[in-house]
Amino acid sequence: MFVPAHEPAHESDCRRLEKFLEDKPHILVLTGAGISTESGIPDYRSEGVGLYARSNHKPIQHGDFVKSEATRKRYWARNYVGWPRFSSIAPNVTHYTLARLEREGRISGIVTQNVDRLHGKAGSKQVIELHGSGFDVICIGSQDERGKGCNYRIDRHEFQNILDQLNPAMEDNSTSMRPDGDVELSMEYVQGFKIPPCPQCGGNLKPEIVFFGDNVPMPRIEKVVRMIIESDGVLVLGSSLTVFSGYRIILQAKELGLPVAIVNIGATRGDPKADLKISARCGEVMANLFKPAR
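Residues numbered from 1 in each chain as written. Predicted model: local features only at pLDDT ≥ 70, side-chain atom pairs only at ≥ 80, totals over all residues. Heavy atoms only, no water.

Enquirer: Would you mind showing me how to read the packing of aromatic side chains here?
Expert: When we look at a pair of aromatic rings, we describe it by the centre distance and by the angle of the planes. For the coordinates displayed, the defined rule picks out 10 aromatic pairs. Here the aromatic rings of tyrosine 80 and phenylalanine 193 are separated by 5.4 Å at their centres, their planes lie at 45°, and the arrangement is tilted. Placement of tyrosine 80 in helix H5 (residues 69-88) and of phenylalanine 193 in the loop between helix H9 (187-191) and strand S6 (205-209) is noted, with a sequence separation of 113 residues between them. Phenylalanine 193 matches tyrosine 80 in its accessibility class, with the two residues each being buried. Here the basic side chain of lysine 206 rests over the ring of phenylalanine 211, its NZ or CZ set 4.6 Å away from the ring centre. (Phe/Tyr/Trp six-rings, centres within 6.5 Å; stacked < 30°, edge-to-face > 60°. Helix = DSSP H or I, 4+ residues; strand = E, 2+ residues; numbered from the N terminus. Buried < 20%, exposed > 50% of the residue type's maximum accessible area, 1.4 Å probe, protein only. Lys NZ or Arg CZ within 6 Å of the ring centre and 35° of its normal.)

In structure tokens form, the structure reads like this:
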């Protein structure tokens, strides 16, 4: 229900992509929300079915989360209710195919804009989560005079158990899931929600997700740059490349003279720079890619 209207993929599309990949054993793959819509996770921008098209909801801003207790309470209440569904979502054919291509030595690694950890569930090993992950919780307490902050971290499943104990009467009265795993809830369910402070410093806890308005950590950016330099091309799957952190990978690849292929339903910001563009559902294309001989 979250995949936008599209034309079916053609056999020739799969063969063109195979030809693009076959002499490049160090392809870097960039994946976006468009590959996870096929697993049942909505995205923000898909025409007609993305969150922006279905509601007037705007994603949480980093500054608001840091500054506002009410914003943190609203976010965590919604995330708490949505977590059992979000965390149990399974990978789809695109995730499993990429894991297979990695094992076969056809791709060197994956940079994903998604926070759902579906690549890891599918078996991929070389994955950089560009925008972090909803599966870890960190402290964002204030830094000391040396610029060193609290290093507290907890697995999101463990954090859910703590929230269960603090909010025993909380029920799932949600209406829809959002791209980062939180859900719609009425304010009456949000107001009484309890969030624990960091047990080490008393600071505020946040999912290890790069919210809108925040910056991708520099060490992560540097690691992505190294992967681009060591690659022999970039394959984009399911991303409109609207967010600059993803589009920057295309710019850097082209600066190095590397070829770029894009598979996405509809236009992307990177289309003018692509050597190959296929407008189709990723799962349909990937399911027919380098099929093992029977």
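That was the structure; now back to the text.
Enquirer: Looking at this structure, how should I read H5?
Expert: Owing to its 3.6 residues per turn, the α-helix brings residues three or four apart onto one side. Counted at 1.5 Å a residue, the expected span for H5 with its 20 residues is 28 Å, and the 28 Å between its end C-alpha atoms agrees. The residue sitting at the N-terminus of H5 and contributing the capping side-chain oxygen is serine 68; that oxygen lies 3.3 Å from the backbone nitrogen of alanine 70. (Expected span 1.5 Å × (residues − 1). Polar contact = N/O pair within 3.5 Å; in protein donor to acceptor, adjacent residues only side chain to side chain.)

Enquirer: Help me out: how do you make sense of empty space enclosed by the protein in this one?
Expert: The gaps left among the atoms become clear once a water-sized probe is rolled over them. Following the criterion strictly, the structure yields 1 cavity of 30 Å³ or more and no others. Taken as a whole, the largest cavity holds about 50 Å³ of empty space. Only helix H10 (218-230) and helix H11 (244-255) provide two or more residues apiece to the lining of the largest cavity. For the lining of the largest cavity, the element with the most residues is H11, which contributes 4 residues. (1 Å grid on protein atoms, 1.4 Å probe; cavity = no way out; pocket = protein on both sides within 12 Å on 5 of 7 lines; lining within 4 Å. Points joined across faces, edges and corners; volume = space filled by probe spheres on them.)

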